[in-house]
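Spelled out, the chains give:
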Amino acid sequence: MLTSFDSIPARDRVIVALDCDAWEAIALADKLQGHAQWLKIGMTLYYAEGPAIVKMFKRRGFNVFLDLKFHDIPHQVEGAARSAAASGADMITMHTVGGIPMMEAAQRGAAVGAAEWGGEVPATLGITVLTSMDAATLAATGVTRPLPEQVAALAAQAKQAGISGVVASPQEASVLREILGPDGFIVTPGVRPAGAALGDQSRVATPAQAFANGASHIVVGRPITEAADPVAAFEAIAAELECASI
């Protein structure tokens, strides 16, 4: 299925995950400026530095994926989404298992926060099943239906709630594209270049496979940030994606 994202070069839809301390993150961002368009700020970095780190990267011309995975009562999540959007973040996340009213509240908060920032409403993304989880890990939490069915059911709820899309494994992206249609964001962590170590990821794919499966954006962390030359590692992924698109 063709998507609304196909007109954007694939290299500009690679999100580099900065899951490290501030000094390392800033050094990596400086190296990647002019190469990567997107940076991901997760809990490790945000809890240490707060909104200032988002604003810093925005001033340097990056798009920022603020991945804090909100999960609380709707009132709290609405406020959190408002604050996140007011920092200038371009994408924010919440757990879909928080339910439709919680996701609707996040969308409302994001709209208010964006107006305060003076920018566009960020993409609001629902976490389906973490890419570190396999079927056995999910079953141990009490979820008895098969993992792909759980992902699909949660994605359908995200669509019903009116948020922008989901975060899910690249292995589920093709099914999710059918559910969300051509305009839905499908952001896929668990992306590893061929031959890269899996780390703590269970459901993975290569960058080219993830996009072929229907991802709108992919998240790559350690294969870039822990490389001897992060820029070369990023450009190698970009070259792979360019070849795949020919």
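Every value quoted in this text rests on a predicted model; they were computed, and no experiment measured them.

Caption draft 1: Main features of the packing of aromatic side chains. Across all of its chains, the model carries 2 aromatic pairs by this definition. When the centroid spacing of 4.9 Å and the interplanar angle of 70° are considered together, the rings of Phe5 and Phe185 count as edge-to-face. Here Phe5 is found in the segment before strand E1 (14-17), whereas its partner Phe185 is found in strand E7 (residues 185-188), with 180 residues between them in sequence. Between Phe57 and Phe62 the ring centres are 6.3 Å apart and the planes differ by 85°, which places this aromatic pair in the edge-to-face class. Note on Phe57: relative accessible area 0%, which makes it buried. In this structure Phe62 comes out as buried when scored by relative accessible area, which is 3%.

Caption draft 2: Representation of the environment of Thr44 in the model. Checked against the element boundaries, Thr44 lands in helix H2 (residues 43-49). Expressed as a C-alpha distance, the spacing of Thr44 and Ala227, which sit 183 residues apart in the sequence, is 20 Å.

Caption draft 3: View of the pattern of salt bridges. Here the structure, examined in full by the defined rule, presents 8 salt bridges. A salt bridge links Lys40 to Asp19, with the nearest nitrogen and oxygen atoms 3.3 Å apart. With Lys40 in strand E2 (residues 38-41) and Asp19 in the loop between E1 and helix H1 (22-32), this pair connects stretches of sequence that are 21 residues apart. Connected through shared salt-bridge partners, Asp19, Lys40, Asp67 and Lys69 make up one network.

Caption draft 4: Broad picture of the sheet that holds strand E8 (residues 217-220). The 8 strands lie next to each other as E1-E2-E3-E4-E5-E6-E7-E8, forming a closed barrel whose pairing is parallel. Mean inter-strand twist for the sheet, computed between neighbouring axes without regard to direction, equals 25°. Across the sheet, helix H3 (residues 51-59) is in contact with E2 and strand E3 (63-70); its angle to E3 comes to roughly 160°.

Caption draft 5: Representation of helix H8 (residues 173-180) within the structure. Residues Ala173, Leu176, Arg177 and Leu180 constitute the buried set of H8. One side of H8 carries all its buried residues, which in axial view fall inside an arc of 105°. Its buried side turned inward, H8 meets helix H7 (147-161), strand E6 (165-167) and E7. Phi turns positive one or two residues past the end of H8, at Gly181, with a value near 80°.

About the criteria used
Here the residue index of a chain counts from 1 through its sequence in written order. The predicted nature of this model means local features are confined to residues of pLDDT at least 70 and side-chain atom pairs, given and counted, to a pLDDT of 80 or more, with totals for whole chains, interfaces and linings taken over all residues. Side-chain measures were taken over the full set of non-hydrogen atoms in the model, leaving aside hydrogen atoms and water. Only rings of Phe, Tyr and Trp enter the pairing, Trp through its six-membered ring, and a pair is recorded when the two centres are within 6.5 Å. The plane angle decides the type: under 30 degrees is stacked, over 60 is edge-to-face, the rest tilted. Strands are runs of DSSP state E lasting at least 2 residues, helices are runs of H or I lasting at least 4, and numbering of each runs from the N terminus. In this scheme, a residue with accessible area under 20% of its type's maximum is buried, one over 50% is exposed, and one in between is partly exposed, where area comes from a 1.4 Å probe on protein chains only. Salt bridge, as used here, is a side-chain nitrogen of Lys or Arg placed within 4 Å of a carboxyl oxygen of Asp or Glu. Two strands are counted as paired when DSSP detects at least two bridges linking them. Interaxial angles span 0 to 180 degrees and are taken between N-to-C directions of axes, which are lines fitted to C-alpha atoms, for helices over the stretch in contact. Residue contacts are counted whenever heavy atoms from the two residues lie within 4.5 Å of one another. Note that the arc is computed from the directions linking the helix axis to the C-beta atoms.

Scope: geometric values only; no functional claims are made or implied.
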